[in-house]
Amino acid sequence: MTGLLAAAAVLTAPRWLPARVVALRRRVFEGVNGDHAITFPNAEFGPDRFLEVYGHPAANGRSRGAGLSDLFWYWLSPGPEVHQEHLEEGPRYDDAARTTRALLAGPADALSAAAARCAGRVLDERAGGRATLVRLRDLMAPVWAEYFYELVFGEPCPRAARDLIVGHADDVASALKCTGLRHPARRARLTRYLARRVAAGDVRRPLPASLSPAERVHYLQGTLFTTGVVQMSEAMAHLLLVLAQHPEVAARLAADPDDDRYFAHVLDETFRLYPLFGIAHRVTTGDIALDERTTLPAGSVLCFSYPDYHASGHDRPEVFDPDRWDRVPARAAHHIPFGVAANRPCPAWRLSPLALRAATGEVLRRVTLHSTAGHTRSLPNRGPCLLVRVGEPLPPRRLAVLGALLRLRDRWEDVWRSVVQLVLGTVMVLHARRLRLAERYFDTRDDRGCPVPHRPPHTQETPE
Ligand code: HEM
């Protein structure tokens with residue numbers, strides 16, 4: 001009897017284990033971080049108050065004073081203290097933000113053409129056969145590595161540089177999702193490469209003058225070659241997986257590539273269901289009075305839940321339905337895929353849709369997409385997908401068999417991976433707590449990055 005029960009538990013594991021492990025991991029994270037964070041929207045302050053709190057002038061602290069920062073700095077090393085996302089307000093932040101805007105600026109046609117060129121090159125190299133099984137995030141990472149290299153250096157990306165950028169971005173994304181540990185030596189290789197290029201004056205725009213030479217390299221690495229490459233690869237993986245699972249939508253996009261409006265609706269619906277940020281957090285730098293009974297004191301950690309906000313105010317929010325955007329204009333809906341204008345929105349809000357659209361066009365011109373894999377917001381499976389060359393369809397029976405095998409593999413991988421994520425996540429949380437990168441930085445520096453003289457010197461983390 002016990003044997004039978006054990007066998008049943010093992011056989012049904014794909015159905016119950018991953019969700020339980022995810023819940024357990026969340027509890028470990030919350031417990032170990034020790035922040036008394038408040039998440040919005042919540043039962044008391046719902047979606048109608050969400051933008052007001054998020055956009056409040058006192059909701060402007062980024063890193064100082066949140067235990068969570070130690071973990072994010074750990075994941076985003078090296079140089080998290082000068083990543084635009086983590087800089088506190090002040091001249092150094094303004095300088096970094098100005099540089100990012102300059103690097104991401106350009107005529108729409110040129111930004112789109114570069115994305116199409118990079119996507120076309122990588123697809124011809126990686127998906128040339130009649131049928132190719134890929135992980136969409138891995139397929140797309142080289143595209144965006146080449147793209148941001150071109151934006152930064154103004155020349156085509158050599159293969160060796162692309163490998164360094166992809167290796168680095170993959171290392172960060174895997175650590176963030178707890179599917180792999182960090183490899184500081186791998187990241188340091190890209191730092192050394194970028195340091196040489198920066199020293200040679202190869203960057204197309206001036207780098208932030210208020211940062212030291214070493215900090216400029218870390219700014220570039222973190223903002224463009226980590227966030228830029230990771231976010232675009234993830235966005236593209238979500239978009240293509242949605243198209244693989246909604247062939248009618250893919251067929252409509254492929255049939256009318258000039259239909260800007262429909263593409264915008266598909267992208268909005270993809271980001272509504274799969275926002276790239278699960279939670280964005282802020283540390284309050286002053287009191288925020290919510291009503292006569294509730295005031296959030298300075299130093300509170302506020303967490304803004306994108307999936308909860310995006311699900312509110314829509315009919316059947318769980319259903320993927322691009323046509324809903326014909327009925328609800330994006331501006332009127334609870335929809336903030338690139339953050340809120342009043343509080344440090346994404347600097348790539350203009351570039352990203354243009355580049356994603358151009359790259360998607362190149363994909364749909366070459367292949368049809370097929371996937372039976374699970375699709376979740378954090379996408380730890382990296383989007384398993386079968387690409388079949390346009391004009392050479394597989395017989396339906398063969399496609400069905402491949403789909404069934406893909407589903408089986410994906411469900412069992414989920415079981416194994418969720419256990420790996422629990423173990424590696426716990427290891428990294430504990431390691432981050434020991435290193436206390438953010439806490440030690442703010443112990444020894446002010447918000448402008450200047451050493452505080454009466455404190456002991458800051459100990460730099462050395463690559464392992
Ligand atoms: C489709 C792609 C992207 C999406 C959906 C996206 C989404 C977001 C969101 C929601 C935020 C605000 C988070 C918050 O309030 O804390 C943000 C911030 C940011 N994003 Fe993006 N992002 C994308 C692509 C990019 C790219 C390509 C880059 C860089 C090249 C980038 C760089 C940044 C930076 C630096 C910030 C912090 C801004 C600041 O604090 O001033 N993002 N992004």
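So, a few notes on the structure that sits alongside this text.

Rules of the game
- Residues numbered from 1 in each chain as written.
- Predicted model: local features only at pLDDT ≥ 70, side-chain atom pairs only at ≥ 80, totals over all residues.
- Helix = DSSP H or I, 4+ residues; strand = E, 2+ residues; numbered from the N terminus.
- Rg over C-alpha atoms; globule rule 2.2 N^0.38 Å.
- Buried ≥ 20, exposed ≤ 12 C-beta atoms within 10 Å, placed from the backbone.
- Contact = placed C-beta atoms within 7 Å.
- Near = placed C-beta within 6 Å.
- Nonpolar A, V, L, I, M, F, W, Y, C, P; charged D, E, K, R; others polar.
- Axes fitted to C-alpha atoms, helices over the stretch in contact; angles between N-to-C directions.
- Parallel < 35°, antiparallel > 145°, perpendicular 65-115°, else oblique.
- Left-handed = near helix turned anticlockwise from the far one by under 90°.
- Pairing = 2+ DSSP bridges.
- Expected span 1.5 Å × (residues − 1).
- Bend = angle between axes of the 7 residues up to and from the residue.

1. Re the overall build of the protein
When its secondary structure is counted, the protein shows 17 helices and 8 strands. For 464 residues, the compact-globule estimate of 2.2 N^0.38 gives 23 Å, and the C-alpha radius of gyration of the protein, at 23 Å, lies within 12% of that figure. A principal-axis box enclosing the C-alpha atoms of the protein has dimensions of 75 × 65 × 50 Å. Split into buried and exposed, the 464 residues of the protein put 38% on the buried side. A sequence separation of at least 24 residues applies to 75% of the contacts in the protein between residues at least 6 apart.

2. Describing the site of the ligand
The environment of the ligand is made up of 25 residues, and the closest members are Gly228, Ala280, Gly339, Cys346 and Ala348. Going through the elements one at a time, α5 (91–104) and α10 (213–245) are the ones with two or more residues in the shell around the ligand. By residue number, the principal contributor to the shell around the ligand is α10, which donates 7 residues. Partitioning the shell around the ligand into residue classes produces 15 nonpolar, 8 polar and 2 charged.

3. Quick look at the packing of helix α6 (residues 108–126) against helix α7 (residues 136–153)
For the pair α6 and α7, the least separation of the axes is 9 Å and the interaxial angle reads 140°. Taken together, α6 and α7 sit at an angle that is classed as oblique. Both α6 and α7 take part in a crossing whose hand is right-handed. Judged by residue contacts, Ala114, Ala115, Cys118, Ala119, Val122 and Arg126 of α6 engage Leu139, Pro142, Val143, Glu146, Tyr147 and Glu150 from α7.

4. A closer look at the sheet that holds strand β6 (residues 301–305)
Pairing within the open sheet is mixed, and its 3 strands lie in the order β1-β6-β3. One side of each edge strand has no neighbouring strand; the edge strands of this open sheet are β1 (37–40) and β3 (279–283). Pairwise comparison of adjacent strand axes, ignoring direction, gives a mean angle of 25° for this sheet. Here 4 bridges tie β1 to β6, and the two strands are oriented parallel to one another. The partner of Thr39 across the bridge, within β6, is Cys303.

5. Examining α10
The terminal C-alpha atoms of α10 lie 47 Å apart, and with 33 residues this matches the ideal 48 Å at 1.5 Å per residue to within 8%. For α10, the principal kink sits at Thr227 and spans about 25°. The buried count for α10 comes to 28 of 33 residues, which makes it a mostly enclosed element.

6. Details of the pairing of β6
The pairing of β3 with β6 spans 5 bridges and is antiparallel. The residue of β6 that forms the bridge with His281 is Cys303.

7. Some points on helix α8 (residues 159–176)
Since the α-helix packs 3.6 residues into each turn, any two residues three or four apart lie on the same face. Between its first and last C-alpha atoms α8 spans 26 Å; for 18 residues at 1.5 Å apiece the expected length is 26 Å, and the two agree. Buried residues belonging to α8 abut α4 (67–76), α7, α9 (184–199), α10 and α16 (396–435). Positive backbone phi, approximately 60°, marks Cys178, located one or two places after α8.

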